[in-house]
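Next come the chains, spelled out residue by residue.
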Amino acid sequence: MTLDEKIGQMTQPDISALKDPADIENLFLGSLLSGGNSDPQAGNSLKAWTDMYDDYQRHTQKTRLKIPLLYGVDALHGHNNVLGAVIFPHNIGLGCTRDAALIERIGRITAEEVRASAFSGLSRLA
């Protein structure tokens, strides 16, 4: 791996800082983040999220090493960037419930919603 590839693999810009999806291949990016305000340009639907993610992963296949992106999503209170997703209270409020089973169920729901929107196309890249 070249020095530029190593630097790119260790970088996680927010998608709002991505000027062109081709930067994924040009900068050898290893990770991207959708922070709290980083919705897909095509809209905030499940389809827009999956299409955006699949497009970003396609750019990794144009690099020499073809390493898939790690993709981070700000889903601290549920997958709140997606329309129709469940929104949960702040963690301090959830902690006040002292209900570990409830917290685990909330984590599972959030994980399922993030997985549905962000990782649908990963198996098609293999």
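What you see is a predicted model; the values in this text were computed from it and never measured. Residue positions are counted from 1 within each chain, in the order its sequence is given. Residues qualify for local features only when their pLDDT is at least 70, as the model is predicted, and side-chain atom pairs are given and counted only at 80 or more; totals for whole chains, interfaces and linings, by contrast, use all residues. Hydrogens and water molecules were not included; the side-chain quantities draw on all heavy atoms of the structure.

**Section: the side chain of Glu5**
(1) Moving on: When you line up the elements, Glu5 lands in helix H1 (residues 3-9).
(2) Moving on: Using a 1.4 Å probe on the protein chains alone, a residue whose accessible area is under 20% of its type maximum counts as buried, one over 50% counts as exposed, and one in between counts as partly exposed. Under the relative-accessibility criterion, Glu5 is labelled buried at 4%.
(3) Moving on: Side-chain polar atoms of Glu5 contact the side chain of Arg64, separated by 2.7 Å.
(4) Moving on: Residue contacts for Glu5: discarding those within four places in its chain leaves Phe28, Arg64 and Leu65. Comment: elements are numbered from the N terminus, with helices defined as DSSP H or I runs of at least four residues and strands as E runs of at least two. Pairs of N or O atoms within 3.5 Å make up the polar contacts considered here, provided that, within protein, one atom can donate a hydrogen while the other can accept it, and that residues adjacent in sequence are counted only when both atoms are side-chain atoms. Residues are treated as being in contact if the distance between any of their heavy atoms lies within 4.5 Å.

**As for the pairing of strand S1 (residues 31-34)**
(1) Moving on: Here, any two strands with at least 2 DSSP bridges between them count as paired. As paired strands, S1 and strand S2 (residues 70-73) are joined by 4 bridges and run parallel to one another. Bridge assignment links Ser34 to a residue of S2, and that residue is Val73.
(2) Moving on: For crossovers, right-handed means that the path from the first strand over the helix to the second runs clockwise, given strands pointing away from the viewer. On the question of chirality, the crossover connecting S1 to the parallel S2 by way of helix H3 (residues 46-60) is right-handed.

**Quick look at the pattern of salt bridges**
It is possible for side chains bearing opposite charge to pair when their charged atoms get close.
(1) Moving on: The salt bridge criterion pairs a side-chain nitrogen of Lys or Arg with a carboxyl oxygen of Asp or Glu, the two atoms within 4 Å. Throughout the structure, instances matching the rule amount to 3 salt bridges.
(2) Moving on: Note that Glu5 and Arg64 form a salt bridge whose closest N and O atoms lie 2.7 Å from each other. Taken together, the residues span a long stretch of sequence, with Glu5 in helix H1 and Arg64 in the loop between H3 and S2 at a distance of 59 residues.
(3) Moving on: Under the relative-accessibility criterion, Arg64 is labelled exposed at 54%.

**Considering the nonpolar core**
(1) Moving on: The set of buried Ala, Val, Leu, Ile, Met, Phe, Trp, Tyr and Cys residues whose side-chain atoms join them within 4.5 Å is what this entry labels a nonpolar core. Counting residues in each nonpolar core, the largest one holds 16 residues, and the members touching the most others are Ile24, Leu32, Tyr56 and Tyr71.
(2) Moving on: In this structure, Leu32 is in contact with Gln12, Pro13, Ile15, Leu18, Ile24, Tyr56, Leu69, Leu70, Tyr71 and Gly72, ignoring residues within four places of it in sequence.

**A few points about the layout of surface pockets**
(1) Moving on: Taken as a whole, the largest pocket encloses approximately 280 Å³ of empty space.
(2) Moving on: The definitions used throughout rest on a 1 Å grid laid over the protein atoms alone, on which a cavity is an enclosed set of points accommodating a 1.4 Å probe that cannot get out and a pocket is an open set flanked by protein within 12 Å on both sides along at least five of seven lines; lining residues are those having an atom within 4 Å of a point. What lines the largest pocket is a set of 16 residues, among which Ile15, Pro40, Gln41, Met52 and Tyr56 lie closest to the centre.
(3) Moving on: In this classification, the charged set is Asp, Glu, Lys and Arg, the nonpolar set is Ala, Val, Leu, Ile, Met, Phe, Trp, Tyr, Cys and Pro, and all remaining amino acids, among them Gly, are polar. Within the lining of the largest pocket, the residues separate by chemical class into 8 nonpolar, 3 polar and 5 charged. Grid points are joined across faces, edges and corners, and a volume is the space filled by probe spheres set on the points.

**Notes on the packing of aromatic side chains**
(1) Moving on: Two rings belonging to Phe, Tyr or Trp (six-membered ring only in the last case) form a pair when the distance between their centres is within 6.5 Å. Interplanar angles under 30 degrees mark stacking, angles over 60 mark edge-to-face geometry, and anything in between is tilted. Taken as a whole and assessed by the stated rule, the structure comprises 2 aromatic pairs.
(2) Moving on: Considering the side-chain rings of Tyr53 and Tyr71, the 5.6 Å spacing of their centres and the 85 degrees angle between planes classify their relative orientation as edge-to-face. Taken together, the positions of Tyr53 in helix H3 and Tyr71 in strand S2 put the pair 18 residues apart, joining distant regions of the chain.
(3) Moving on: Judged by its relative accessible area of 10%, Tyr71 is buried.

**Focus on H3**
(1) Moving on: The span you would expect from a helix comes to 1.5 Å times its residue count less one. End to end, H3 covers 22 Å across 15 residues, agreeing with the expected 21 Å (1.5 Å per residue, within 8%).
(2) Moving on: Looking only at H3, the buried set comprises Ala48, Trp49, Thr50, Met52, Tyr53, Asp54, Tyr56, Gln57, His59 and Thr60.

**Looking at the environment of Met1**
(1) Moving on: Summarising the element assignment, Met1 is placed in the segment before H1.
(2) Moving on: Distance from Met1 to Arg64, taken between C-alpha atoms, is 9.4 Å for residues 63 residues apart in sequence.
(3) Moving on: Those residues in contact with Met1 that lie beyond four places of it in its chain are Lys6, Gln9, Arg64, Leu65 and Ile67.

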